[in-house]
Amino acid sequence: MDTHSADVVVIGSGQAGLSAGYHLHRTGFAPGSGFVILDADNGPGGAWQHRWPTLVFDRVHGFHDLPGLPLPPTEPHRPASEQVSAYFAAYERAFDLPVRRPVRVRAVRSRPDGRLDVHTDRGTWTARALINATGTWTRPFWPHYPGRSTFRGRQLHTADYRGPAEFTGLRVVVVGGGTSAVQLLGEVSTVAAATTWVTRRPPTFNDEEFGPELGRAAVARVDQAVRAGRPPGSVVGVTGLPVTPEVRRLRERGVLDRLPMFDRITPDGVAWTDGRFVPADVILWCTGFRAAIDHLAPLGLRAPGGGITMDGTRVVADARVHLVGYGPSASTIGANRAGRTAVTEIRAWLSPAAALH
Ligand code: FAD
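Residues numbered from 1 in each chain as written. Predicted model: local features only at pLDDT ≥ 70, side-chain atom pairs only at ≥ 80, totals over all residues. Heavy atoms only, no water.

1. Quick notes on the environment of proline 102
- Looking at the secondary structure, you find proline 102 in the loop between strand 3 (99-100) and strand 4 (105-110).
- Taking the C-alpha atoms as reference points, proline 102 and glycine 43, separated by 59 residues in sequence, lie 7.8 Å from one another.
- Ignoring anything within four residues of it in the chain, the contact list for proline 102 reads Asp39, Ala40, Asp41, Asn42, Asp121 and Arg122. (Helix = DSSP H or I, 4+ residues; strand = E, 2+ residues; numbered from the N terminus. Contact = heavy atoms within 4.5 Å.)

2. What about the site of the ligand?
- Close contacts around the ligand come from 32 residues, with Ala16, Asp39, Asp41, Val105 and Thr332 the closest.
- If the ligand stood free it would expose 1,000 Å²; the protein chains cover 88% of that surface.
- Residue composition of the shell around the ligand, grouped by class: 14 nonpolar, 14 polar and four charged. (Near = heavy atom within 4 Å. Areas by Shrake-Rupley, 256 points an atom, 1.4 Å probe, with all protein chains shown as cover. Nonpolar A, V, L, I, M, F, W, Y, C, P; charged D, E, K, R; others polar.)

3. Points about the pattern of salt bridges
- With the rule as written, the count across this model stands at 19 salt bridges.
- Between glutamate 246 and arginine 59 there is a salt bridge whose closest N-O contact spans 2.6 Å. In this pair, glutamate 246 is assigned in helix 6 (residues 245-252) and arginine 59 in the loop between strand 2 (35-38) and helix 2 (80-94), connecting sequence segments 187 residues apart.
- Classification of glutamate 246 as partly exposed rests on a relative accessible area of 22%.
- Using a relative accessible area of 18% as the deciding quantity, one classes arginine 59 as buried.
- The network of salt bridges with shared partners includes Asp223, Arg227, Asp311, Arg314 and Glu345. (Salt bridge = Lys/Arg side-chain N within 4 Å of Asp/Glu carboxyl O. Buried < 20%, exposed > 50% of the residue type's maximum accessible area, 1.4 Å probe, protein only.)

4. With respect to the layout of surface pockets
- Volume-wise, the second largest pocket comes out at about 220 Å³.
- Lining the second largest pocket are 14 residues, with His61, Gln183, Thr244, Glu246 and Val247 positioned closest to its centre.
- Secondary-structure elements contributing two or more residues to the lining of the second largest pocket are helix 3 (179-188), strand 11 (241-242) and helix 6.
- With four residues, the single largest contributor to the lining of the second largest pocket is helix 6.
- Of the residues that constitute the lining of the second largest pocket, the class distribution is six nonpolar, four polar and four charged. (1 Å grid on protein atoms, 1.4 Å probe; cavity = no way out; pocket = protein on both sides within 12 Å on 5 of 7 lines; lining within 4 Å. Points joined across faces, edges and corners; volume = space filled by probe spheres on them.)

5. With respect to the sheet that holds strand 14 (residues 269-271)
- Spatial ordering of the open sheet is given by 13-14-15, a layout of three strands whose pairing is antiparallel. Each edge of the open sheet is held by one strand with a lone partner, namely strand 13 (264-266) and strand 15 (277-279). If you compare each strand with its neighbour and ignore which way they point, the axes differ by 20 degrees on average.
- With three bridges connecting them, strand 14 and strand 15 associate as antiparallel partners. Residue pairing for strand 15: glycine 269 is matched across the bridge by proline 279. (Pairing = 2+ DSSP bridges. Axes fitted to C-alpha atoms, helices over the stretch in contact; angles between N-to-C directions.)

6. Observations concerning the confidence of the model for the chain
- Of the residues in the chain, 96% reach a pLDDT of 70 or more, and the chain-wide mean stands at 93.
- Here the prediction assigns the complex a pTM of 0.95, and the interface score ipTM is 0.97. (pLDDT = per-residue confidence, 0-100.)

7. Side note on the pairing of strand 6 (residues 123-132)
- With respect to burial, strand 6 is a largely interior element, nine of its 10 residues being buried.
- Pairing of strand 1 (residues 3-11) with strand 6 involves eight bridges; the strand directions are parallel. By the bridge assignment, alanine 6 is partnered in strand 6 with alanine 127.
- Pairing analysis gives five bridges linking strand 5 (residues 116-120) to strand 6, with the strands arranged antiparallel. Each bridged residue has a counterpart across the sheet, and for histidine 119 the counterpart in strand 6 is threonine 124.
- Sheet topology places strand 6 next to strand 19 (residues 318-323); three bridges connect them, and they run parallel. Its bridge partner lying in strand 19, asparagine 132 is registered against leucine 323.

8. Description of the nonpolar core
- Counting 59 residues, the largest nonpolar core has Val8, Phe63, Ile131, Trp197 and Leu284 as its most contacted members.
- Within the second largest apolar cluster, 25 residues are counted, among which are Val103, Ile293, Met310 and Leu323. (Core = buried A, V, L, I, M, F, W, Y, C linked by side-chain atoms within 4.5 Å.)

9. A closer look at the sheet that holds strand 8 (residues 171-175)
- Here five strands make up an open sheet; going across it, the order is 7-16-8-9-12 and the pairing parallel. In this open sheet, the two strands that pair with only one neighbour each are strand 7 (154-157) and strand 12 (258-260). The mean inter-strand angle of the sheet, taken between neighbouring strand axes irrespective of direction, is 25 degrees.
- In this sheet, strand 16 (residues 282-285) lies alongside strand 8 in parallel orientation, the contact comprising four bridges. Across the sheet, residue valine 172 finds its bridge partner in strand 16, namely valine 282.
- Lying over the sheet, helix 3 contacts strand 8, strand 9 (194-199) and strand 16, oriented at roughly 170 degrees with respect to strand 9.

10. Digging into a positive patch on the surface
- Side chains of Arg26, Arg216, Arg337 and Arg340 sit close together on the surface and give a patch of like positive charge.
- As for its placement among the helices and strands, arginine 216 is situated in helix 4 (residues 212-227).
- Assessed through its relative accessible area of 56%, arginine 216 is described here as exposed. (Patch = residues over 30% accessible without salt bridge, like charges linked within 9 Å, V, L, I, M, F, W, Y side chains within 5 Å. Lys, Arg positive; Asp, Glu negative; His and termini not counted. Charge placed at Lys NZ, Arg CZ, Asp CG, Glu CD.)

11. Overview of the packing of aromatic side chains
- The full count for this structure, using the stated rule, is 17 aromatic pairs.
- Taking the centre distance of 6.3 Å and the plane angle of 70 degrees together, the rings of phenylalanine 63 and tyrosine 87 count as edge-to-face. Taken together, the residues span a long stretch of sequence, with phenylalanine 63 in the loop between strand 2 and helix 2 and tyrosine 87 in helix 2 at a distance of 24 residues.
- We classify phenylalanine 63 as buried; its relative accessible area is 13%.
- Centre to centre, the rings of tyrosine 87 and phenylalanine 88 are 6.0 Å apart; their planes meet at 50 degrees, and the pair counts as tilted.
- Taking the relative accessible area as the measure of exposure, tyrosine 87 reaches 2% and is therefore buried.
- Assessed through its relative accessible area of 0%, phenylalanine 88 is described here as buried.
- Site record: aromatic cluster; members linked through ring pairs are Tyr22, Trp48, Phe57, Phe63, Tyr87, Phe88, Tyr91 and Phe95.
- Residue placement shows arginine 251 over the ring face of phenylalanine 205; its charged tip is 4.7 Å from the ring centre.
- Over the face of the ring belonging to tryptophan 272 we find arginine 276, whose NZ or CZ atom lies 5.4 Å from the ring centre. (Phe/Tyr/Trp six-rings, centres within 6.5 Å; stacked < 30°, edge-to-face > 60°. Lys NZ or Arg CZ within 6 Å of the ring centre and 35° of its normal.)

If you want it as structure tokens, here you go:
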């Protein structure tokens, strides 16, 4: 297998990886020997390319342009996946970003000479610093409930959802209290024979407009968690679910009458210890995602709290490693900023004199 070398290896070409790439290029890192972006997907778009086709652009909650090149005018009823992927492709070309794909990173290891080895299915890259921008899409979270394997119907996760049509006439249980759960419930409820919404905690709806203040509060809470080495929590846990006109309509139709989490799954549905039972053909798990960082395990970055202790984008236990699009920067605006912060810090760290300019 080939061996390559670059000052900085970026893993992932979603919003966070492209922002990092833009700032690396702009601050003088040469494409190739200065930096490279490795991405496991076949095409541009990061996780956006995989989002369900019924997620059209006007249902996206605030997409922020990448630095230096605005998103061209969007078509509100065309899938966000197509429009964002086309934009990311144009962005990579416009800034001559050295994206290598498909290249899947399997493991990152420390070398005796202080560098890092980035092992992939296409050879090894040696780097002085690493910007990890691998998002969460490839790590859907499925909570465990007794009886799950006995269910005779279909179980799928948000990551597998392709639109409501295939649920026509079926009885669907939707699990999860986040925005994806509400969106998918809304779509499925228009064609299903019945929908049942279950969440662990009563959902908090927020009638306030989702403005910068709420956003800042959410980011601050997640930032506090990762600075203390805890796993990053959910942003909706802080902001509540926004009450959009669609949510109002769903409430009026009774679709959002939620039940507490069931206690077990039976072959034909879901059951509670108080004797309640809901028959189901499908369980749709909208239970979120976790950071896709298993390949960093050999670096031993985990803190006793179960997370990775961070100072901004920098991993406290290893100054060579920055995580962008992780925790408080897991949004399009956060990813943009994190890319810039990581590059500023890495540049200063690799060459202290450069930081003065
Ligand atoms: P991604 O876009 O996930 O990109 C990660 C890239 O890393 C992928 O291309 C993947 O192939 C690659 N990769 C992963 N593992 C490896 C590996 N081992 N080796 C090589 N490559 C790898 N944010 C908003 O601001 N507004 C919204 O409306 C919004 N809606 C969302 C809806 C959903 C369902 C989800 C899950 C998130 C949403 N977000 C939204 C969050 C937002 O999409 C992301 O936080 C943001 O796009 C930053 O993405 P990223 O670059 O961190 O990761």
